[in-house]
Amino acid sequence: MTKLQINHRTTYRYSRAVGLLAHRLILSPRTDKQLRTLCFSIDCSVSGSIGWAKDVFGNTIATVAFLNRPPN
């Protein structure tokens with residue numbers, strides 16, 4: 001069996017301070033007979049909580065709700 005390690009990094013840069021709304025992250029492939037995910041993790045530099053779900057196709061979806069709300 002071939003093992004792969006995939007690292008993904010997303011960086012946002014803005015000219016002034018912004019608030020963050022929830023983000024949906026679909027970063028892990030679904031598991032089937034030919035493909036297994038042995039482990040994965042999400043590290044976020046902004047404080048928030050992560051909720052996990054599966055969509056109708058079996059994909060793992062992480063939703064990150066950030067603690068800092070957008071400015072009014």
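In this text the structure is predicted, and so the values were computed from the model without any measurement.

About the criteria used
Residues numbered from 1 in each chain as written. Predicted model: local features only at pLDDT ≥ 70, side-chain atom pairs only at ≥ 80, totals over all residues. Heavy atoms only, no water. Helix = DSSP H or I, 4+ residues; strand = E, 2+ residues; numbered from the N terminus. Rg over C-alpha atoms; globule rule 2.2 N^0.38 Å. Buried < 20%, exposed > 50% of the residue type's maximum accessible area, 1.4 Å probe, protein only. Contact = heavy atoms within 4.5 Å. Patch = residues over 30% accessible without salt bridge, like charges linked within 9 Å, V, L, I, M, F, W, Y side chains within 5 Å. Areas by Shrake-Rupley, 256 points an atom, 1.4 Å probe, with all protein chains shown as cover. Salt bridge = Lys/Arg side-chain N within 4 Å of Asp/Glu carboxyl O. Pairing = 2+ DSSP bridges. Axes fitted to C-alpha atoms, helices over the stretch in contact; angles between N-to-C directions.

1. A few points about the overall build of the protein chain
For step 1, the next point in the chain: Helix and strand counts for the protein chain come out as zero helices and three strands.
For step 2, the next point in the chain: Secondary structure of the protein chain in N-to-C order comes out as β-β-β.
For step 3, the next point in the chain: Scaling as 2.2 N^0.38, a compact globule of 72 residues should have a C-alpha radius of gyration of about 11 Å, whereas the protein chain reaches 15 Å, well beyond that.
For step 4, the next point in the chain: Counting only C-alpha atoms and orienting by the principal axes, one finds that the protein chain spans roughly 50 × 25 × 15 Å.
For step 5, the next point in the chain: Looking at the protein chain as a whole, 12% of its 72 residues are labelled buried.
For step 6, the next point in the chain: For the protein chain, the share of sequence-separated contacts (at least 6 apart) that also reach a separation of at least 24 residues comes to 49%.

2. Description of a nonpolar patch on the surface
For step 1, the next point in the chain: On the surface, Y12, Y14 and V18 cluster together to form a nonpolar patch covering roughly 340 Å² of accessible area.
For step 2, the next point in the chain: Inspection of the secondary structure assignment puts Y14 in the segment before β1 (23–28).
For step 3, the next point in the chain: Residue class for Y14 comes out exposed when judged on its relative accessible area of 52%.

3. Regarding the sheet that holds strand β2 (residues 48–54)
For step 1, the next point in the chain: Spatially, the three strands line up as an open sheet ordered β1-β3-β2, and their pairing is antiparallel. Strands with a single pairing partner mark the edges of an open sheet, and in this sheet they are β1 and β2. The mean angle between the axes of side-by-side strands here comes to 30°, regardless of whether they run parallel or antiparallel.
For step 2, the next point in the chain: As defined by bridge partners, β2 adjoins strand β3 (residues 60–66) across seven bridges and the pair is classed as antiparallel. Residue pairing across strands places I50 opposite V64, the latter belonging to β3.

4. Remarks on the environment of A65
For step 1, the next point in the chain: Relative to the helices and strands, A65 is located in strand β3.
For step 2, the next point in the chain: Between the alpha carbons of A65 and L4 there is a distance of 29 Å; along the sequence they are 61 residues apart.
For step 3, the next point in the chain: Filtering out sequence-adjacent residues up to four positions away, A65 remains in contact with A22, G48 and S49.

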